[in-house]
Amino acid sequence: MTFVQMIDCKTERVDELNQLLDTWVEQTRGRRTATHSLLAQDRSDGTHVVEIVEFPSYEDAMRNSNLPETDRIFQEMVALCDGMPTFTDLEVLRDEQLHKETCARFFTEALPGDPGLLDGLLTRDYHDHDPANSPDVIGVEALRREVAMWRDAFDFAFTLEDQIAEGDRVCTRWTWEGTHKGEFLGLAPTGRQVSMTGTTVHRLHEGLICEGWWQYDRLGLMGRLGALEM
């Protein structure tokens, strides 16, 4: 589950604090686990500053805190502040933008590129509803086998046309383009470049995709591959 830490302090030396954060970013490059950082200033009180730092999980935040550079920068931050900064630790219950990014990685990175990424994007009991499959595909390993079937048959990529997120659901309208390089549903490789469009609705739980519903024109794809020619 995504974790956010808020650091609240009072200081007359806001510019120096900002420069200090630049130093921390540079010194921890390639090793810090923070995924996003925001420094904000109170409009009604220019000495009131809040830093908001996002991490993939609480454990990632703890690893970040254990970096020697983080401890050193914190001591320098305390010296710049009027009193000890206060910390608020927050577990993120809902982040629709993060849900969209997770689903985008599913289409653009995991499916055409590295199926190993599925482990970090899906729950172990992921349930896939595809009208072309009966029974439904359930579990990460089962989906990995389904993805392998497509990867063996096509070199392909997805283009995401639209994404709409609401609550725990993300709807993605996509275009799929591929080159038929291997056997697909009994059809010998044709070398043809083909495409199709579709829509997928994903449900997420604690930042991971746990269920998916697909709608796409597999019959049209088979036609473009010549399977329906008389």
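Predicted, not measured: the structure shown is a model, and the values here were computed from it.

Novice: Looking at this model, I keep getting lost on the sheet that holds strand 10 (residues 208-216). Mind explaining?
Specialist: Either a parallel or an antiparallel arrangement is found when strands of a sheet pair, and the pairing is made through backbone hydrogen bonds. Strand order in the open sheet formed by six strands is 6-5-10-9-8-7, and the pairing between neighbours is mixed. Among the strands making up the open sheet, the edge pair consists of strand 6 (137-138) and strand 7 (154-166). Judged from the eight bridges that link them, strand 9 (residues 193-205) and strand 10 form a sheet pairing that is antiparallel. Looking at the pairing, His 202 lines up with Gly 212 of strand 10. Together, strand 5 (122-129), strand 7, strand 8 (169-180), strand 9 and strand 10 form the strand contacts of helix 4 (residues 96-110), whose direction differs from that of strand 7 by roughly 165 degrees.

Novice: Honestly, the pairing of strand 2 (residues 36-41) in this entry has me stumped. Any pointers?
Specialist: Each regular strand shows side chains that alternate between the opposite faces of the sheet. Sheet topology note: the strand 2/strand 3 (residues 48-55) ladder contains six bridges and is antiparallel. From the neighbouring strand, Ala 40 faces strand 3, where its bridge partner is Val 50.

Novice: For this particular structure, what's the right way to read the sheet that holds strand 1 (residues 3-10)?
Specialist: Pairing within the open sheet is antiparallel, and its four strands lie in the order 2-3-1-4. Every other strand in the sheet has two partners, leaving strand 2 and strand 4 (86-91) as the edge strands with one partner each. With direction set aside, neighbouring strand axes in the sheet form an average angle of 15 degrees.

Novice: Is there a simple way to explain unusual backbone geometry in this structure?
Specialist: Apart from glycine, the bulk of residues carry a negative phi angle, and the bulk of peptide bonds sit in the trans form. Omega for the bond connecting Ser 134 with Pro 135 falls within 30 degrees of zero, at 5 degrees, which places this linkage in the cis form. Of note, Pro 135 is situated in the loop between strand 5 and strand 6. Here Leu 185, not a glycine, exhibits a phi torsion of approximately 50 degrees, which is positive.

Novice: Looking at this model, I keep getting lost on helix 6 (residues 140-153). Mind explaining?
Specialist: Given 3.6 residues per helical turn, the α-helix brings residues three or four places apart onto the same face. Taking 1.5 Å per residue, 14 residues should reach 20 Å; helix 6 reaches 20 Å between its end C-alpha atoms and fits that length. Every buried residue of helix 6 is accounted for by Val 140, Ala 142, Leu 143, Arg 144, Glu 146, Val 147, Trp 150 and Ala 153.

Novice: Help me out: how do you make sense of helix 4 in this one?
Specialist: The terminal C-alpha atoms of helix 4 lie 20 Å apart, and with 15 residues this matches the ideal 21 Å at 1.5 Å per residue to within 8%. Every buried residue of helix 4 is listed here: His 99, Thr 102, Cys 103, Ala 104, Phe 106, Phe 107 and Ala 110.

Novice: Can you walk me through the pattern of salt bridges in this structure?
Specialist: Using the criterion set out here, one finds 12 salt bridges in the structure. We note a salt bridge from Arg 144 to Asp 119, for which the minimum N-O separation is 2.9 Å. Within this pair, whereas Arg 144 is found in helix 6, its partner Asp 119 is found in helix 5 (residues 118-121), the two being separated by 25 residues in sequence. With a relative accessible area of 18%, Arg 144 lands in the buried category.

Novice: Explain the environment of Ile 7 here, please?
Specialist: Among the secondary structure elements, Ile 7 is positioned in strand 1. A C-alpha to C-alpha distance of 6.7 Å links Ile 7 and Thr 88, two positions 81 residues apart in sequence. When sequence neighbours within four positions are dropped, the list of residues in contact with Ile 7 reads Val 49, Val 50, Glu 51, Met 77, Pro 85, Thr 86 and Phe 87.

Novice: Mind showing me how you'd approach the environment of Cys 210 here?
Specialist: Tracing the backbone through its elements, the reader meets Cys 210 in strand 10. A relative accessible area of 8% places Cys 210 in the buried class. Each C-alpha atom, one on Cys 210 and one on Gly 223, is 32 Å from the other, the two residues being 13 residues apart in sequence. Beyond its immediate chain neighbours, meaning those up to four positions away, Cys 210 contacts Thr 123, Asp 125, Tyr 126, His 127, Arg 203, Leu 204 and His 205.

Conventions and cut-offs
- Residues numbered from 1 in each chain as written.
- Predicted model: local features only at pLDDT ≥ 70, side-chain atom pairs only at ≥ 80, totals over all residues.
- Heavy atoms only, no water.
- Pairing = 2+ DSSP bridges.
- Helix = DSSP H or I, 4+ residues; strand = E, 2+ residues; numbered from the N terminus.
- Contact = heavy atoms within 4.5 Å.
- Axes fitted to C-alpha atoms, helices over the stretch in contact; angles between N-to-C directions.
- Expected span 1.5 Å × (residues − 1).
- Buried < 20%, exposed > 50% of the residue type's maximum accessible area, 1.4 Å probe, protein only.
- Salt bridge = Lys/Arg side-chain N within 4 Å of Asp/Glu carboxyl O.

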